[in-house]
Amino acid sequence: MDDSIHDQFAHIPERISGLVDLAYNLWWSWNPEARILFKQLNHQAWKASVHNPIRMLREIPVEFLNRAAEDPAYCHRYDIVMRRFRKYMSATGTWFSEEYAGRPPLTVAYFSAEYGLHHSLPIYAGGLGFLAGDHLKEASDLGLPMVAVGFLYSQGYLHQQINPDGWQEDVTEPLDRDAAPVTRVLDSDGEDLVVRVPHVDPPIYVAVRKVQVGRIPLYLLDTDIPCNDPHNRGISSRLYAGDQDQRLRQEIVLGIGGRKVLHALGIEYAAVHLNEGHPAFALLERIRERVERGMEFEEALEEVRATSIFTTHTPVPAGHDVFPVDLIDRYFAPYYTALGIDRMRFLQLGVHPESPASGFNMTAFALRASAHHNGVSRANKVVACDMWKCLWPGPPEATVPIDYVTNGVHVPTWLNTRMKGLYDRYIGPASPDWLSEHDDPVIWELIDEIPDTELWQLHLWLKAKLLNRIRERERIKWAAHRGALNPAAEGAFLNPSILTIGFARRFSTYKRAHLIFEDLERLKRILNNPWQPVQIIFAGKAHPSDNEGKGVLQQIYRYTQDPGFGGRVAFIEDYNDQVAQYLVHGVDVWLNNPLPPMEASGTSGMKASLNGVPNLSILDGWWIEGYNGRNGWAFGSETASCDGRNAVDAAAIYNLLEKEVVPLYYDRSIDDVPHGWVKVMKESIKSNGPRFSSRRMVKEYVARYYPSLLKGAGPEHARRPAAAKPRTPAWKLQAQEKAEEWNE
Ligand SMILES: *Cc1c(COP(=O)(O)O)cnc(C)c1O
């Protein structure tokens, strides 16, 4: 790690100075033993840091650190955790090294516009980002050789504040770089490594930051540096820039710049995995480099295709980036020549056959420039094939070469620590190392050994923890004189003994957050049933420019304030992965009711299942594969929308609640345990835990795609000594001069 980091933490006693290394590797976040080391320094400081060890180590009074360093018990634990950490990082005896022994460890480069790893690194908006984050964590656990590329957004993602009228205010806070688990990547002069994005004029420069995700390095591109003009500095300021010019420049920087950065770092890789179309220009740059080495364009395209995999999620044409031709000309004119092709051939690469005049379609390009494509669930594959069959004209029965790998979630991240403790106690005797084999369904059969009472008691404890947490947030707001007038919305009246439904996700219109309010009177009767009441907790952000989504949110917020709902509907502000953790551990049922077939996969329901929270979900996305008749509830047809669909789907939810869900929940034995309900909880854990794990998912990518991608593929660059740091090139010196001009 960069020495300057250690200098910044010189106040930490030598005896426990490894805490800094631990804090700068997100490995700590999915290993409870490591988390406890930080927490034990001081519980209050841990809370005040919002579970961010870097912030905590910067802010905690030195006496706590000294006390820990002198406490033999703390030091023993520290030594044990550090030994495990170093052993993990040495990467011997991993699943991959054993399974693929003897193969050259060729690396896959993973490109994504967002990563959901931890809330101290707000470079994500939703599911696409968490998928990427979980993919990296799992690749690390399995010992897969992988390197990843993304953006360091200087403004993070928006924070959400709801004003008293229920309207979402988008609050942007500049990323606190000193508190994020990010280090600078330096060049041989000990300065920021800065790379120029090739063939773009006027030039764009990117600095490189690094996040260590276990064994996997994630390089983040940062254009907010002095040698860029203000317009260019803004390229990496926020996720998915709104205006098309800036959006295109983002994608150029991510794909082409990202490719160049790996090159500058001397990182060799043999295959590329694109998470959605945003980074697809990475493939273009791979082709260009081959052309530069003397290959014909078509041959270079073929070679790149054979070693590229493209994962698509978005099930609607409007969700895919399309850039007008004049914009493409503006940035790519020099590129046409560099590729040795004419403008027409270039534009053809991004043509959508059904709307050829619309511009350069990033997904069409990604599909043409990669040989391996997949959707993220079985249903998503069908939609993708239908949407893109025009790229493979032929008889109707001909298969479209898009397959699927259903998403999964990183179990060590999303399984609550106490819940894991419970599973340890009952799975452990038969399979002590079960967590490292957790994609094996047989192991999970042992969940049945857990006595109902124990599982139920722990669930109630997690529910209490959720409600405490909600009240604490409310108290803080109240003390700060914000929103003090709306206790119902903020969850003050939530009651731990009442059946609690959770609904939390992005407020995109297709997710239909308001669906359950379709028949207000019927919903009121369900919530206010004096013998078997129900409460609902909502959370989620609307995209800053999505006024329709904000309107839906406002409507729900107003309902929370309507006494007719009895204070039984709450809305938790500022959904992020931490709020998600509390919710998926602590509610009783997880509700999902998007408009089919719009849910590409959905992953929050998998997180809930894993913790014994059954799903009540429409048959869409992953639930079509996950539902088995015993592990939760399903409704709705998979076919596309029709008039009146909202009413039909809402009625299905009411019926399920009234006839099955609510009665089962309140059906208690003499011991006050709902045994029937606990049976559904267990079934939900057993059936979904192994299958919808990122372990199963990443192994599937490995088995089906990566080895064939890597087979015979030579390393992308000629071998260089690994330790060599790039020299300062002439253009950088010029850029520095330029920076001085800007600063004048
Ligand atoms: C898991 C997760 C998501 C994705 O959930 P979906 O069910 O796919 O919508 C979004 N945001 C956060 C904070 C998450 O933890």
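Residues numbered from 1 in each chain as written. Predicted model: local features only at pLDDT ≥ 70, side-chain atom pairs only at ≥ 80, totals over all residues. Heavy atoms only, no water.

### Description of the site of the ligand
Next, step 1: In the vicinity of the ligand, 14 residues are found, and the nearest of them are Lys511, Gly602, Thr603, Ser604 and Lys607.
Next, step 2: Lys511 is positioned such that a nitrogen or oxygen atom in its side chain is 2.9 Å from an oxygen atom of the ligand.
Next, step 3: Protein contacts shield 95% of the accessible area of the ligand, which totals 390 Å² for the unbound molecule.
Next, step 4: Classifying every residue of the shell around the ligand by side-chain character gives four nonpolar, six polar and four charged.
Next, step 5: Taken together, domain 2 (102-407 + 698-741) and domain 3 (415-692) each give at least three residues to the shell around the ligand, which thus spans both. (Near = heavy atom within 4 Å. Polar contact = N/O pair within 3.5 Å; in protein donor to acceptor, adjacent residues only side chain to side chain. Areas by Shrake-Rupley, 256 points an atom, 1.4 Å probe, with all protein chains shown as cover. Nonpolar A, V, L, I, M, F, W, Y, C, P; charged D, E, K, R; others polar. Domains from an automatic or database assignment.)

### Looking at the packing of helix α12 (residues 281-292) against helix α14 (residues 325-339)
Next, step 1: Where α12 meets α14, the closest approach of the two axes is 9 Å, and the angle between their N-to-C directions is 45 degrees. For the element pair α12 / α14, the angle class is oblique. Across from Phe281, Leu284, Glu285, Ile287, Arg288 and Val291 in α12, the residues of α14 making contact are Phe332, Tyr335, Ala338 and Leu339.
Next, step 2: Taken together, the residues that form the contact of α12 with α14 break down as eight nonpolar, no polar and two charged. (Axes fitted to C-alpha atoms, helices over the stretch in contact; angles between N-to-C directions. Helix = DSSP H or I, 4+ residues; strand = E, 2+ residues; numbered from the N terminus. Parallel < 35°, antiparallel > 145°, perpendicular 65-115°, else oblique. Contact = heavy atoms within 4.5 Å.)

### Things to note about the packing of aromatic side chains
Next, step 1: Under the definition given, this model contains 40 aromatic pairs.
Next, step 2: Ring centres 6.3 Å apart and planes at 55 degrees place the aromatic pair Tyr110 and Tyr115 in the tilted group.
Next, step 3: Residue Tyr110 is classed as buried on the basis of its relative accessible area, which comes to 1%.
Next, step 4: Among the residues examined, Tyr115 registers a relative accessible area of 1% and is labelled buried.
Next, step 5: Following the ring pairs from residue to residue traces out a cluster consisting of Phe281, Phe332, Tyr335, Tyr336, Phe346, Phe360 and Phe365.
Next, step 6: Across from the ring centre of Tyr88, 3.9 Å away, lies the NZ or CZ of Arg215, which sits over that ring. (Phe/Tyr/Trp six-rings, centres within 6.5 Å; stacked < 30°, edge-to-face > 60°. Buried < 20%, exposed > 50% of the residue type's maximum accessible area, 1.4 Å probe, protein only. Lys NZ or Arg CZ within 6 Å of the ring centre and 35° of its normal.)

### A short note on unusual backbone geometry
Next, step 1: In this model, Pro596 is joined to Pro597 through a cis peptide bond whose omega is 0 degrees.
Next, step 2: Among the secondary structure elements, Pro597 is positioned in the loop between β18 (589-592) and α25 (604-610).
Next, step 3: Residues other than glycine seldom take positive phi values, yet Val50 does so here, at roughly 55 degrees.
Next, step 4: Considering the arrangement of structural elements, one finds Val50 in the loop between α4 (43-48) and α5 (53-59).
Next, step 5: With relative accessibility at 38%, the residue Val50 sits in the partly exposed group.
Next, step 6: Even without being a glycine, His199 presents a positive backbone phi close to 60 degrees.
Next, step 7: Mapped onto the elements of the fold, His199 is located in the loop between β6 (194-196) and β7 (205-213).

### Focus on the packing of α12 against helix α13 (residues 297-306)
A pair of packed helices is captured by two measures, namely the crossing angle of their axes and the spacing between those axes.
Next, step 1: It is at 9 Å that the axes of α12 and α13 come closest, and there the two elements cross at 130 degrees. By the angle between their directions, the pair α12 and α13 is classed as oblique. In the crossing of α12 with α13, the sense of the turn from one axis to the other is right-handed. Two secondary-structure elements touch here, α12 through Leu283, Arg286, Ile287, Arg290 and Val291 and α13 through Phe297, Ala300, Leu301, Glu303 and Val304.
Next, step 2: Taken together, the residues of the contact of α12 with α13 sort by class into seven nonpolar, no polar and three charged. (Left-handed = near helix turned anticlockwise from the far one by under 90°.)

### Describing the domain arrangement of the protein
Next, step 1: One can read the domain layout of the protein as domain 1 (3-90), domain 2 (102-407 + 698-741) and domain 3 (415-692).
Next, step 2: On a C-alpha basis, the centres of domain 1 and domain 2 stand 33 Å from each other.
Next, step 3: Between domain 1 and domain 2, the residue contacts involve 17 residues of the former and 19 residues of the latter.
Next, step 4: On the domain 1 side of the contact with domain 2, Leu26, Trp30 and Tyr88 bury the most area, a combined 40% of that side's loss.
Next, step 5: Counting every contact that joins domain 1 to domain 2 gives one salt bridge.
Next, step 6: When the shortest N-O distance is used, the salt bridge between Asp176 and Arg55 registers 3.5 Å.
Next, step 7: Our enumeration of links across domain 1 and domain 2 arrives at eleven residue pairs in polar contact (both at pLDDT 80 or more).
Next, step 8: Elements with a minimum of two residues in the side of domain 1 that touches domain 2: α5 and α7 (72-90). (Buried area = accessible area lost by both parts, 1.4 Å probe. Salt bridge = Lys/Arg side-chain N within 4 Å of Asp/Glu carboxyl O.)

### Focus: the pattern of salt bridges
Next, step 1: All told, the structure shown has 48 salt bridges when counted by the stated rule.
Next, step 2: Its salt-bridge partner being Glu59, residue Arg55 comes within 3.8 Å of it at the nearest N-O pair. Placement of the pair is Arg55 and Glu59 together in helix α5, with a separation of four residues, close to one helical turn.
Next, step 3: Ionic pairing is found between Lys686 and Glu445, a salt bridge with its closest N-O pair at 3.8 Å. Placement of Lys686 in helix α28 (residues 675-688) and of Glu445 in the loop between α20 (441-444) and α21 (452-479) is noted, with a sequence separation of 241 residues between them.
Next, step 4: Of the residues examined, Lys686 reaches a relative accessible area of 11% and is grouped as buried.
Next, step 5: Using a relative accessible area of 46% as the deciding quantity, one classes Glu445 as partly exposed.
Next, step 6: Residues participating in the shared-partner salt-bridge network are Arg177, Arg184, Asp192, Arg209 and Asp222.

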